[in-house]
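Listed here are the chains, written in short residue letters.
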Amino acid sequence: MKSPYKILFVCLGNICRSPAAEIVCRAAMKDAGMEEQVLVDSCGTASYHVGSRPDSRMLAALKRAGYEYDGHRARQLRGRDAQEYDLIIPQDRENERDVLTTLVGAEKKVVPMNRWFPEGERANEVPDPYYGGAEGFDEVVRLLKRSMPQLVAEVAKRLSE
Ligand code: 4NP
């Protein structure tokens, strides 16, 4: 597999879940010694927040979990992402539907986030924390963090093929 392997996390606004996934994933790849081989990015299906920093409540949750904001600004999903990325990871069902509508022909690259959830996890998507309290943001970070071993293992396997 060519390197870098390029991963794109997708949510609705690109200010809560997908920038968190990007930050948590980049840290996990670094811990696995794979940061040179893997490029991690994120975007949103909607345009409302283009150019914005992540939501301050998400930045606070990331900080509580020991992660640093890395300067990300929101952008919207675009057609050429289908060619530019190797693995495209929508956070919930609605994001998945919207990604598949926008990126026609990229179905094989699109794998929902819940595919990487640990065994026994009851949630079947990454819940949208936007209209809830701080604990919802902590829950998103926890779920993302617990998904990383499975994602890191799959990317390591694909890089070795
Ligand atoms: P995200 O969360 O998709 O995880 O970034 C949301 C961000 C913004 C809105 C909804 C969800 N919004 O309605 O503006």
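Please refer to the structure higher up on the page.
The shown structure was predicted, so the numbers you read here are calculated from the model rather than taken from an experiment.

Go over the sheet that holds strand β3 (residues 87-90) with me, naming the residues and quoting the values.
Backbone hydrogen bonds hold the strands of a sheet together, and the pairing may be parallel or antiparallel. A sheet is described by the order of its strands in space; here three strands give the open sequence β2-β1-β3, paired in parallel fashion. Every other strand in the sheet has two partners, leaving β2 (38-44) and β3 as the edge strands with one partner each. Taking each pair of neighbouring strands and ignoring which way they run, the sheet shows an average axis angle of 20°. Bridge analysis of strand β1 (residues 5-11) against β2 gives seven bridges, and the strand direction is parallel. Paired with Ile-7 across the two strands is Val-40, which belongs to β2. Running at roughly 150° to β1, helix α1 (residues 17-31) makes contact with β1 and β2 of the sheet. The strands touched by helix α4 (residues 93-102) are β1 and β3; relative to β3, the strand with the most contacts, the crossing angle is about 140°.

Outline the nonpolar core, listing residues and values.
In terms of nonpolar packing, the biggest core is built from 38 residues, with Ile-7, Phe-9, Met-58, Leu-62, Met-113, Leu-151 and Val-155 touching the most fellow members. Of all the secondary-structure elements, those providing two or more residues to this core are β1, α1, β2, α2 (56-64), β3 and α5 (134-160). Ranked by residue count, the leading element in this core is α5, at ten residues. Not counting the four nearest positions on each side in its chain, Leu-62 is found in contact with Ala-20, Ile-23, Val-24, Tyr-67 and Val-141. Formed by eleven residues, the second largest nonpolar core is a distinct cluster that contains Leu-77, Val-99, Leu-103 and Val-110.

Describe the site of the ligand, listing the residues and the values that go with them.
The local shell around the ligand consists of Cys-11, Leu-12, Gly-13, Asn-14, Ile-15, Cys-16, Arg-17, Tyr-48, His-49, Asp-128, Tyr-130 and Tyr-131. Here His-49 contributes a side-chain N or O atom positioned 2.9 Å from an oxygen atom of the ligand. Between the ligand and the protein, one listed contact pairs an oxygen atom with a side-chain N or O atom of Tyr-131 at 3.1 Å. When the free accessible area of the ligand is taken as 360 Å², the share hidden by the protein chains comes to 93%.

The rules behind each value
Residues numbered from 1 in each chain as written. Predicted model: local features only at pLDDT ≥ 70, side-chain atom pairs only at ≥ 80, totals over all residues. Heavy atoms only, no water. Pairing = 2+ DSSP bridges. Helix = DSSP H or I, 4+ residues; strand = E, 2+ residues; numbered from the N terminus. Axes fitted to C-alpha atoms, helices over the stretch in contact; angles between N-to-C directions. Contact = heavy atoms within 4.5 Å. Core = buried A, V, L, I, M, F, W, Y, C linked by side-chain atoms within 4.5 Å. Buried < 20%, exposed > 50% of the residue type's maximum accessible area, 1.4 Å probe, protein only. Near = heavy atom within 4 Å. Polar contact = N/O pair within 3.5 Å; in protein donor to acceptor, adjacent residues only side chain to side chain. Areas by Shrake-Rupley, 256 points an atom, 1.4 Å probe, with all protein chains shown as cover.

On their own, these measurements won't tell you what the molecule is for.
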